[in-house]
Amino acid sequence: MKKLYRIGLISIVMILMMVPTISQAFSSATHIYIAEKVFNPIRNKIDLYYGSMAPDMALYVADAVRWPSAFLDTHYHYMDLRSYARGNIQTAFAKGWLTHNEAWGADYFAHIEYPFGSGNDGYVIQKATQLVDMFEMLNIEFAHFAIEVAIDLLLKNDDPSLGGKLLFANLLRSWQDRNLLANVLVWQERRTDWFTLAMSELTFRNLIHQYALAFSLPGQQAKDALAELGVQLASEMYGIEGVTPEQLFVILDAAISLCVADYQDVIHHTINQIKNNL
């Protein structure tokens, strides 16, 4: 099992080396948690979950796409897919997609503005800046990753099924979800082409699968696996050499300590604000 996991780590690093270094806002498990609280109860939860994290696939596009800036806009700018959706599955996906947006959705409060924090940036940015101040070896991009993982782990304490939700959303999403994206992004809005969309989703789902395998493990095993993943990412994606799993444990524990007192505040605030904008 450990050998298979190491093979998976090699695969994810090879994929990551083909895409640009990016900083995100909330991680996929957190987006799932938020979407479920906003739209509960709802049918087709798997597709709601997948829709809530799917806007991030635009971040994993290689430089050779036909319309890179237009496709990337689907992540950074508000896009409501609900009017294009046909049937309960696509409607659930479109609702999840809506919760992610950076105009007034989850990424706005994570990345741009969190009114109850200590600075003028979003919650994740504020916490990542504090984490960098604690560890000279870190850069801001890797600190973002550590804070995202910390919030995911804290939410997993609140909802122990969160790891399974992430894993199964990624594995079992309906083919209708991608058909909806193709209809809107390829044929209607011409933000990208079919090949780019398909390859972007394949890359995205490979990345999420490796993260979900680690994240869905019980208790300490999840932290061990995520620390090992973090070592690979630190070197290959973020340019931090020589970091060890033991150092990653310390960094991750520090990230959790930075967030433990107020992560629920930002999550509840985000959920309420999204509901107010629907």
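Here the structure is a predicted model, which means the values were calculated and not measured.

Some thoughts on the overall build of the chain
Right, so step 1: Scanning the chain for helices and strands turns up 14 helices and zero strands.
Right, so step 2: Reading the secondary structure of the chain in the N-to-C direction produces α-α-α-α-α-α-α-α-α-α-α-α-α-α.
Right, so step 3: The proportion of buried residues among the 278 residues of the chain is 56%.
Right, so step 4: Taking the intrachain contacts of the chain between residues at least 6 apart in sequence as the baseline, contacts between residues at least 24 apart amount to 72%.

Things to note about empty space enclosed by the protein
Right, so step 1: If you walk through the whole model with that rule in mind, you get three cavities of 30 Å³ or more.
Right, so step 2: One number sums up the size of the second largest cavity: a volume of about 70 Å³.
Right, so step 3: Lining of the second largest cavity is provided by Phe142, Phe145, Ala146, Val149, Leu226, Ala227, Leu248, Ile251 and Leu252.
Right, so step 4: The set of elements that each furnish at least two residues to the lining of the second largest cavity consists of α8 (140-158), α12 (219-236) and α13 (245-259).
Right, so step 5: The dominant element in the lining of the second largest cavity, judged by the number of residues it contributes, is α8, at four residues.
Right, so step 6: In terms of residue class, the lining of the second largest cavity is made up of nine nonpolar, no polar and no charged.

Description of a nonpolar patch on the surface
Right, so step 1: Nonpolar side chains collect at one region of the surface, where Phe168, Leu171 and Leu172 lie side by side and expose about 290 Å² of accessible area between them.
Right, so step 2: Looking at where Leu171 falls in the secondary structure, it is placed in helix α9 (residues 162-172).

Definitions and limits used
Residues numbered from 1 in each chain as written. Predicted model: local features only at pLDDT ≥ 70, side-chain atom pairs only at ≥ 80, totals over all residues. Heavy atoms only, no water. Helix = DSSP H or I, 4+ residues; strand = E, 2+ residues; numbered from the N terminus. Buried < 20%, exposed > 50% of the residue type's maximum accessible area, 1.4 Å probe, protein only. Contact = heavy atoms within 4.5 Å. 1 Å grid on protein atoms, 1.4 Å probe; cavity = no way out; pocket = protein on both sides within 12 Å on 5 of 7 lines; lining within 4 Å. Points joined across faces, edges and corners; volume = space filled by probe spheres on them. Nonpolar A, V, L, I, M, F, W, Y, C, P; charged D, E, K, R; others polar. Patch = residues over 30% accessible without salt bridge, like charges linked within 9 Å, V, L, I, M, F, W, Y side chains within 5 Å. Areas by Shrake-Rupley, 256 points an atom, 1.4 Å probe, with all protein chains shown as cover. Salt bridge = Lys/Arg side-chain N within 4 Å of Asp/Glu carboxyl O.

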